[in-house]
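# Topology and contacts: notes
This is what each chain is made of:
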Amino acid sequence: MGTLRTLNHLSPEGKRVLLRADLNVPVRDGQVTDTTRIDRLLPTIDELARKGARVIVLSHFDRPKGKVVPHMSLGPIAEIISARLKRDVHFVPNCIGPEVEQAVARLKDTEVLLLENTRFYEGEEANDPEFSAMLARLGDVFVNDAFSAAHRAHASTEGVARHLPSFAGRLMEAELSALSTALENPDRPVGALIGGAKISTKLDLIGNLLEKVDVLFIGGAMANTFLAAQGVAIGKSLQEADMHETARDILTKARENNCEVVLPVDVVIAEKFEKNAPSSVCKTSDIPGDKMVLDAGPETISLITAKLKDLKTLVWNGPLGAFEIAPFDKATVAVAQEAAALTKSGELKTIAGGGDTVSALRHAGVVHDMTYVSTAGGAFLEWLEGKLLPGITILTDAAQHVIPL
Ligand code: 3PG
Ligand code: MG
């Protein structure tokens with residue numbers, strides 16, 4: 001991969017800067033329930049505007065599948081950005097066409113304009129060259145700050161970058177630098193904690209991590225499959241019975257790579273997955289046939305936290321148990337709090353992200369105590385899988401052959 005050009009390499013004054021953001025924030029009953037993605041984008045908008053750019057913000061929102069879906073409009077988000085940025089943010093209910101072109105032409109230096117959901121057009125997800133060119137004509141340069149959408153080769157993440165000098169925004173830069181701290185050039189020993197329900201969705205990720213980390217902690221229902229694959233009776237626990245051979249192959253590959261795999265040695269079991277269901281603790285060798293595993297047990301918590309003390313870097317993805325329901329959140333909370341304490345005292349760098357991870361860390365009250373928490377779900381996972389993300393590849397020097405419009 002070539003080197004990334006950042007805002008340090010751009011003089012944006014007087015330029016129309018097309019800025020790809022990821023404003024795909026969670027919404028319930030019309031209210032944004034988590035503004036993290038908006039908040040983390042603000043420094044880039046603010047820097048560009050302060051330097052005299054005309055900032056034109058592009059984003060997708062949800063999955064309208066090429067149609068105009070009114071409740072997936074970005075209109076309400078413009079107001080949130082405006083309030084947080086303490087600047088006016090203009091909004092046009094389209095992302096291409098005459099109305100947009102006029103709004104862009106009217107835009108003055110330092111002003112910010114948000115365009116409507118790019119996924120209202122089929123050309124977005126199809127990465128249609130014509131649609132990309134229409135977007136690209138709105139700007140003089142392209143800045144991509146949407147790391148969390150960089151695994152999508154869409155018109156506004158990839159196609160536009162073919163036509164304009166392209167740069168990484170500050171959030172993109174921070175995400176990539178955190179991931180490189182974690183996996184490309186980590187302080188060793190480095191560990192990864194991977195939880196969640198299914199091995200099948202995390203196979204590539206585990207395969208890639210085994211070659212890079214010294215210790216791999218496996219938790220969540222995924223650990224049940226590994227235990228069962230080794231002949232442990234796991235009662236009624238959730239598992240993927242068709243993945244036993246794969247699980248054994250992973251353990252063999254780990255041994256070949258000198259990667260220590262840590263599985264639960266004791267577990268919290270219950271008859272049902274229900275809030276406050278009566279539960280008890282047993283060794284993994286003693287799981288009764290009529291019970292299911294819902295969390296890692298206290299000995300496992302001690303084992304993991306002891307090993308964390310020897311690490312310099314930790315990558316965290318996924319919960320260790322069914323943390324959404326008490327009391328099956330104990331292992332996730334205890335281990336997250338230990339990682340946070342070690343991180344705060346400077347002994348450990350913890351980089352977290354992907355899927356349920358942020359809600360698990362928030363539940364443990366430590367989301368602000370990690371070295372870095374990614375704003376990305378799928379993109380973070382694909383990066384851990386070792387994949388090249390199209391939205392990033394196109395930003396690198398090697399790909400900077402601008403196709404004239
Ligand atoms: C995300 O939230 O994962 C990104 O915004 C990408 O959205 P998508 O998964 O709908 O492509
Ligand atoms: Mg996604």
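Since the model is a prediction, treat every value here as computed from it, not as a measurement.

Pairing within the open sheet is antiparallel, and its three strands lie in the order 13-12-14. Because the sheet does not close on itself, it has two edges, and the strands there are strand 13 (279-283) and strand 14 (292-296). Between one strand and the next, the sheet's axes are offset by a mean angle of 40°, whatever the strand orientation. Two elements, strand 12 (residues 266-270) and strand 13, share five bridges in a ladder whose sense is antiparallel. What sits directly across from I269, in strand 13, is S280.

A few words on the side chain of R20. Within the secondary structure, R20 is located in strand 1 (residues 16-20). The class for R20 is buried, based on a relative accessible area of 0%. A polar contact is formed between the side chain of R20 and the side chain of S156, at a distance of 2.7 Å.

This part is about the packing of helix 1 (residues 36-50) against helix 7 (residues 170-184). Two measures define how a pair of helices packs: the angle their axes make with one another and the distance between the axes. The geometry of helix 1 relative to helix 7 is characterised by a closest axis approach of 7 Å and an angle of 130° between their N-to-C directions. Overall, the two elements helix 1 and helix 7 adopt an arrangement that is oblique. Together, R40, L41, T44 and E47 of helix 1 and R170, L171 and E175 of helix 7 make up the contact between the two elements. In terms of residue class, the contact of helix 1 with helix 7 is made up of two nonpolar, one polar and four charged.

Turning our attention to the site of ligand 1. As a structural note, the neighbourhood of ligand 1 is formed by D22, N24, R37, H60, R63, R119, S148 and R152. The contact in question runs from an oxygen atom of ligand 1 to an N or O atom on the side chain of D22, over 2.7 Å. Measuring from an oxygen atom of ligand 1, one finds a side-chain N or O atom of R152 at 2.6 Å. Expressed as a share of its isolated accessible area of 310 Å², the protein-covered part of ligand 1 is 85%. A majority-of-atoms criterion places ligand 1 in the largest pocket.

Calculation criteria
Residues numbered from 1 in each chain as written. Chains lettered and ligands numbered in written order. Predicted model: local features only at pLDDT ≥ 70, side-chain atom pairs only at ≥ 80, totals over all residues. Heavy atoms only, no water. Pairing = 2+ DSSP bridges. Helix = DSSP H or I, 4+ residues; strand = E, 2+ residues; numbered from the N terminus. Axes fitted to C-alpha atoms, helices over the stretch in contact; angles between N-to-C directions. Buried < 20%, exposed > 50% of the residue type's maximum accessible area, 1.4 Å probe, protein only. Polar contact = N/O pair within 3.5 Å; in protein donor to acceptor, adjacent residues only side chain to side chain. Parallel < 35°, antiparallel > 145°, perpendicular 65-115°, else oblique. Contact = heavy atoms within 4.5 Å. Nonpolar A, V, L, I, M, F, W, Y, C, P; charged D, E, K, R; others polar. Near = heavy atom within 4 Å. Areas by Shrake-Rupley, 256 points an atom, 1.4 Å probe, with all protein chains shown as cover. 1 Å grid on protein atoms, 1.4 Å probe; cavity = no way out; pocket = protein on both sides within 12 Å on 5 of 7 lines; lining within 4 Å. Sits in = over half its atoms within 2 Å of the grid points.

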